[in-house]
Amino acid sequence: MTAVRIRRIVETALPVAVASGLAVVTPLNAQTVDAAGHWEGSIEAPGQPLVVMVDLEESNGTWSGTIDIPAQGAADLPLSGVSVDGETVRFTINGVPGEPTFEGTLAGGEITGEFSQGPARLPFKLGREAVEVEAPSRPQEPKPPFPYDEEEVEYRNGDVKIAGTLTLPPGDGKVPAALLISGSGALNRDLELAGHKPFLVLADHLTRRGIAVLRVDDRGIGGSTGSTWQSTSRAKANDVLVGVRFLRGHDRIDPERVGLIGISEGGLVAPLALNRVEPGTIAYAVLLAGPGVPGSDLLRQQLRRIAAANGAPAEMIEELAALQDKGLEIIASEMPRAEAEAALRQVAEEQMAVSPETAQLSGEDLEAALSASVETNLSPWFRFFIRYDPRPALGGLAVPTLALFGGKDTQVDADQNQSAMEAALAASGNPDVTIRRFADMNHLFQTAGTGSPAEYAQIEQTMAPEVLDLIGSWIAERFVD
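Residues numbered from 1 in each chain as written. Predicted model: local features only at pLDDT ≥ 70, side-chain atom pairs only at ≥ 80, totals over all residues. Heavy atoms only, no water.

## Brief notes about the sheet that holds strand E15 (residues 285–288)
Strand order in the open sheet made by the 8 strands is E10-E11-E13-E12-E14-E15-E16-E17, with mixed pairing throughout. In the strand order of this sheet, the two ends are held by strand E10 (149–157) and strand E17 (433–438), each with one partner. Averaged over all pairs of adjacent strands, the angle between strand axes in this sheet comes to 20 degrees, irrespective of strand direction. By the bridge criterion, 4 bridges tie E15 to strand E16 (residues 401–406) in an arrangement that is parallel. Bridge assignment links Val286 to a residue of E16, and that residue is Leu402. Contacts from helix H3 (residues 265–274) reach strand E12 (175–181), strand E14 (253–263) and E15 within the one sheet, and its direction differs from that of E14 by about 140 degrees. (Pairing = 2+ DSSP bridges. Helix = DSSP H or I, 4+ residues; strand = E, 2+ residues; numbered from the N terminus. Axes fitted to C-alpha atoms, helices over the stretch in contact; angles between N-to-C directions. Contact = heavy atoms within 4.5 Å.)

Okay, structure coming up:
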């Protein structure tokens, strides 16, 4: 179907952040105050109307607004180019490929007209009445009652509190366990993004197979304290080791059968943690779309893959890539903070001007986006990530290891990272290594079309059953009695 795609969800931060939470305002031509307020309706996409909720506001002669798209997990997306001229109402969703634009007529308490995105043209209608919204279909998301036990847990790494959920198979005997490690960014214990909860689905699947699972909130999210962006992957590895100690001390868990499952950055953190403990402390590692090359190299390929999947022309991709290289060089340098901020800001301005997702930003919106970009990309987390090479830690893995990749992954490119990981693991001499690629799967191991992060929310599947089955059977063959 043809539908609005929400802004790109880029799990690993790019050298220029493009998201802005503010709305761009446009001078009002002929004020029509009836346009102000809350509107609900739908874009009439073939076979599946897409519900949208729009809030428009006029202040001092200018209009602004936001839009929610519940089915895609999008809330408070800023609108740009908001104009009300007599009975004509027009606005664009800011920062989304294809410049999705609504243009309609206000009459009889409704706004009706045409929605366009790229070549697509579809009718839409907005009214004042509330529209019943169906939650996105997520058939794999487990619902209680569960055939296993749950415990809410907390432990501390110094002054940082880590909170999470431990699921335990029924019974009294000791069982193997897995600690789940999230990807980059501040994510909750379910790895909740784009309307999906991959870690909830994975934990349920494994616990039903006799494996206890601990999933935790990242620093600064949910019940955990601290800050993700002001720490590093190394600090995250320390949090993991504290979690391993917690599991090894639990009266239902066999301390000799505790392993790690990390996705994306988590696939980098797991080997980092394993290389910092005595042999036998951690029993196995499962690396899902884990990096095999330094972060800066990964990001260069990520930009190209995502931009191409989103339909960007080749010339634009090359221009954005060149600006990205400038940004990475600044971020990795040792120049004083103030000097680095000024240099990175200039690069960010150029990149935002090139990208159609941000070219329309101006005034306060542009300033907010630039400030967020500079702050994020000079954060301790990002500076560590782009410099860190995961291959030495991978070469030190001496435990059974399962590594999985998606052939349509645009965030951690399989061609680039799988080959590097294979070489590093081969050098380790580890006799128990399994590496698999799923040709049609994306970064979240959903069966995908293009692999663009813009698709994540549109796919019903949270994690492909064959991936869940492989992870579960691989652990069970080695560690479940």
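## Comments concerning the packing of helix H4 (residues 295–309) against helix H5 (residues 314–332)
Where H4 contacts H5, the two axes come as close as 10 Å, and the packing angle between them is 155 degrees. The angle between H4 and H5 places the two elements in the roughly antiparallel class. Relative to H5, the crossing made by H4 is right-handed. Contacts from Ser296, Leu299, Arg300, Leu303, Arg304, Ala307 and Ala308 in H4 reach Ile317, Glu318, Leu320, Ala321, Gln324, Asp325 and Leu328 in H5. A breakdown of the residues in the contact of H4 with H5 according to their chemical character gives 8 nonpolar, 2 polar and 4 charged. (Parallel < 35°, antiparallel > 145°, perpendicular 65-115°, else oblique. Left-handed = near helix turned anticlockwise from the far one by under 90°. Nonpolar A, V, L, I, M, F, W, Y, C, P; charged D, E, K, R; others polar.)

## Here's the deal with the side chain of Asn417
Assignment of secondary structure puts Asn417 in helix H10 (residues 414–428). Taking the relative accessible area as the measure of exposure, Asn417 reaches 0% and is therefore buried. (Buried < 20%, exposed > 50% of the residue type's maximum accessible area, 1.4 Å probe, protein only.)

## Regarding the environment of Ala307
Assignment of secondary structure puts Ala307 in helix H4. Distance in space between the C-alpha atoms of Ala307 and Gln416 is 17 Å, their sequence separation being 109 residues.

## Concerning the pairing of strand E7 (residues 101–107)
For a regular strand, the rule is simple: side chains alternate between the two faces of the sheet. Of the pairings in the sheet, the one linking strand E6 (residues 88–93) to E7 comprises 5 bridges and is antiparallel in character. Each residue of the ladder has a partner; that of Phe91, found in E7, is Phe102. With 7 bridges joining them, E7 and strand E8 (residues 110–117) adopt antiparallel strand pairing. Counted as the bridge partner of Leu106 is Ile111 from E8. If you look at the hairpin formed by E7 and E8, you'll find 2 residues sitting between the two strands, and Gly108 has a positive phi there, around 60 degrees.

## Structural notes on the packing of aromatic side chains
All chains considered together, the criterion is met by 11 aromatic pairs. Their ring planes at 25 degrees and their centres at 4.9 Å tell us that Phe91 and Phe102 sit as a pair that is stacked. Pair noted here: Phe91 is in strand E6 and Phe102 is in strand E7, with a separation of 11 residues, a long-range link. Classification of Phe91 as buried rests on a relative accessible area of 1%. (Phe/Tyr/Trp six-rings, centres within 6.5 Å; stacked < 30°, edge-to-face > 60°.)

## Some points on the pattern of salt bridges
Evaluated as defined, the whole model comprises 27 salt bridges. Asp481 is the partner of Arg257 in a salt bridge, and the nearest nitrogen-oxygen pair spans 3.3 Å. Separated by 224 residues along the polypeptide, Arg257 in strand E14 and Asp481 in the segment after helix H11 (465–479) bring together distant segments of the chain. Residue classification places Arg257 among the buried residues on the basis of a relative accessible area of 10%. Owing to a relative accessible area of 85%, Asp481 belongs among the exposed residues under this scheme. With a shortest N-O distance of 4.0 Å, Lys408 and Asp440 are connected by a salt bridge. Of this pair, Lys408 sits in the loop between E16 and H10 while Asp440 sits in the loop between E17 and H11, and the two are 32 residues apart along the sequence. We classify Asp440 as partly exposed; its relative accessible area is 44%. The network of salt bridges with shared partners includes Glu141, Lys143 and Lys197. (Salt bridge = Lys/Arg side-chain N within 4 Å of Asp/Glu carboxyl O.)

## Some remarks on unusual backbone geometry
The amide bond that connects Pro144 to the next residue, Pro145, takes the cis arrangement and shows omega of 5 degrees. Secondary-structure assignment places Pro145 in the loop between strand E9 (120–127) and E10. Unlike most non-glycine residues, Ala289 shows phi in positive territory, near 55 degrees. Locating Ala289 in the fold gives a position in the loop between E15 and H4.

## Overview of the pairing of strand E11 (residues 160–168)
In terms of burial, E11 is a largely internal element, 8 of the 9 residues being buried. Alignment of E10 against E11, held across 9 bridges, turns out to be antiparallel. When the sheet's bridge partners are listed, Tyr155 is paired in E11 with Ile162. Between E10 and E11, which follow one another and run antiparallel, lie 2 residues, and Gly158 among them has a positive phi close to 65 degrees.

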